[in-house]
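# Structural overview
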Amino acid sequence: EHDDEKRAELMLRQAARLDCRQFVTAKDVVAGNQKLNMAFVANLFNMHPALRKPDNGIDLTMLEGELCSKKKKMKKKKENKKKQKEKQKKKKKKKKKKKKKQKKKKKKKKKQKKKTEKQKMREKMKKKKKKKQKMKKNKNEKMKKKKTKKEGGKKQKKEEKKTQKIEKKKHKKKKKEKKKHKKKKKEKKKTPKTERESREERTFRNWMNSLGVSPYVNRLYSDLMDGLIILQLYERIQVHVDWRRVNRPPYPILGSNMKKLENCNYAVDLGKREAKFSLVGIGGENINEGSSLHTLALIWQLMRRYTVKVLSDIGDGEKVKDQIIIDWVNSTLKKGEKDSFIHSFKDKSISTSLPVIDLIDTIAPGAIKSEMVKRGDVSAEDKLNNAKYAISVSRKIGARVYALPDDLVEVNPKMVMTVFACLMGRTLNKVEG
């Protein structure tokens, strides 16, 4: 056979007849894998060594047995010697340890004696020093009494001058502190109150973030000072923005505020010309400075335009009335075989958030986990937890809900309408990003 692999396969078949086909394949034999081939040959040798017994009649097993017994005796002797040496070493170590302990005890006793002697000497020296110090004090007091009689008048005058200087310094410090306090109050009046965020401000912030603006809005006024987020909101309400006119970060070190102010001016100009908002007395400077009054006026009009757009998208270009949304909600709840039902956006059952949760469950089956929802006799805390869960799940399924949990609990009809409208838009797939 000229083919190496086939020839190797024939060889392995012969090995199989001897029950020795192990470790290798035909490819391994041809590749010349040293370890596998060695294992194969060793297995062949073990299974079929083909060795003969000698003709002398000598039993090799007996010889092996004698050799083994001799070796065992030699090993035992060596082991015994080792054990004896180890015992001797242990004895020596014990003796050394005892000697060390005895030496340590002797040293401790000597040190204690020395300490006691030194302490006695120190006490004596201390007593002598105290006596000397008392003698010196008595002498110094006598000398001071004599001097004070002579220089008593001079010291009083010096002390009076010192007290006057200290009082003047204190008076100056108080004046400086008052001025700083007044400056801080003025700065607080100018800067927006971002730390204590009102519910209205939180609603606007949630609305912006639900539309996917970047960067994420954490502080309503300071994050809008460069005008970029406002321009993104214009695009969401289908107002064309010429991004060639917009200055984007990173801004230069010199003139960075001017670049931001240009963006704010462009945003206000778009609102007046294209969106036709009512922006009387509002300029780009007001937004750039973070003025809460002017910023909220612009954002409120943007959000109102967006809600109108959502409703018009649902109604194929015509503004949808409240009753149409209510009828859609009730019909979908019936299809889902739910017990909840609403008469209007002021319905008291909305305070439990159960109509919203049931609606989400029919729109997106499996999105709601029943163990997370409180039903039956619901407390105020349970109502709030239901509202939080309803809004978070509606956002997860893709509805751009920007209302707050408090709006559902308090049944704010305008914000409740936006929740149902966003869910309706999500099901009809007509609301664009």
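As shown above, the structure is provided for reference.
So, a few notes on the structure that sits alongside this text. (Residues numbered from 1 in each chain as written. Predicted model: local features only at pLDDT ≥ 70, side-chain atom pairs only at ≥ 80, totals over all residues. Heavy atoms only, no water.)

Let us look at helix H5 (residues 199-210). Under the 1.5 Å per step criterion, the end-to-end length of H5 is 16 Å for twelve residues, consistent within 8% with the ideal 16 Å. Across the twelve residues that make up H5, a large majority, nine, are buried. When H5 is considered as a whole, its buried residues turn out to be Glu201, Thr203, Phe204, Arg205, Asn206, Trp207, Met208, Asn209 and Ser210. Looking at the buried positions of H5, the neighbouring elements they touch are helix H6 (228-236), helix H9 (292-314), helix H12 (380-396), helix H13 (405-409) and helix H14 (413-428). Backbone geometry just downstream of H5 places Gly212 in the positive-phi region, at approximately 80 degrees. (Helix = DSSP H or I, 4+ residues; strand = E, 2+ residues; numbered from the N terminus. Expected span 1.5 Å × (residues − 1). Buried < 20%, exposed > 50% of the residue type's maximum accessible area, 1.4 Å probe, protein only. Contact = heavy atoms within 4.5 Å.)

Turning to helix H7 (residues 256-273), a few remarks are in order. Taking 1.5 Å as the rise per residue, H7 with 18 residues should run 26 Å; its terminal C-alpha atoms sit 26 Å apart, in good agreement. Residues of H7 that are buried include every one of Leu261, Asn263, Cys264, Tyr266, Ala267, Val268, Leu270 and Gly271, and no others. Structurally, H7 contributes buried residues whose contacts are with H6 and helix H8 (284-289).

Moving on, we come to the environment of Lys27. With respect to the helices and strands, Lys27 occurs in helix H2 (residues 26-31). Using a relative accessible area of 57% as the deciding quantity, one classes Lys27 as exposed. In this structure, the C-alpha to C-alpha distance between Lys27 and Ala8, residues 19 residues apart in sequence, is 8.0 Å.

By the definition in use, this model includes eleven salt bridges. The salt bridge involving Glu9 is made with Arg21; its shortest N-O contact spans 3.0 Å. Note that Glu9 is positioned in helix H1 (residues 4-17) and Arg21 in the loop between H1 and H2, a separation of twelve residues in sequence. On the accessibility criterion, Arg21 (36% relative accessible area) is partly exposed. As a salt-bridge pair, Arg199 and Glu410 come within 2.7 Å of each other at their nearest N and O atoms. (Salt bridge = Lys/Arg side-chain N within 4 Å of Asp/Glu carboxyl O.)

Further remarks concern the side chain of Asn330. Along the chain, Asn330 falls in helix H10 (residues 322-335). For Asn330, a relative accessible area of 9% gives the class buried. Those residues in contact with Asn330 that lie beyond four places of it in its chain are Phe341 and Ile342.

With that settled, the discussion passes to the packing of aromatic side chains. For the coordinates displayed, the defined rule picks out five aromatic pairs. Here the aromatic cluster, defined as three or more aromatic residues joined through ring pairs, consists of Trp207, Tyr306 and Tyr402. (Phe/Tyr/Trp six-rings, centres within 6.5 Å; stacked < 30°, edge-to-face > 60°.)

Here Asn247 is to be found in the loop between H6 and H7. For Asn247, a relative accessible area of 16% puts it in the buried group. Engagement of the side chain of Asn247 in a polar contact is seen with the backbone oxygen of Lys259, the distance being 3.1 Å. Once residues lying within four places of it in the same chain are set aside, the contact partners of Asn247 are Leu228, Lys259, Glu262 and Asn263. (Polar contact = N/O pair within 3.5 Å; in protein donor to acceptor, adjacent residues only side chain to side chain.)

With 78 residues, the main nonpolar core has Trp207, Met208, Tyr234, Leu302, Ile325, Phe420 and Leu423 as its most contacted residues. Taken together, the elements giving at least two residues each to this core come down to H5, H6, H7, H9, H10, helix H11 (354-363), H12 and H14. Leave out the neighbours within four places in its chain, and Trp207 touches Leu233, Ile299, Leu302, Met303, Tyr306 and Tyr402. Formed by six residues, the second largest nonpolar core is a distinct cluster that contains Ala8, Val24, Ala26 and Phe40. (Core = buried A, V, L, I, M, F, W, Y, C linked by side-chain atoms within 4.5 Å.)

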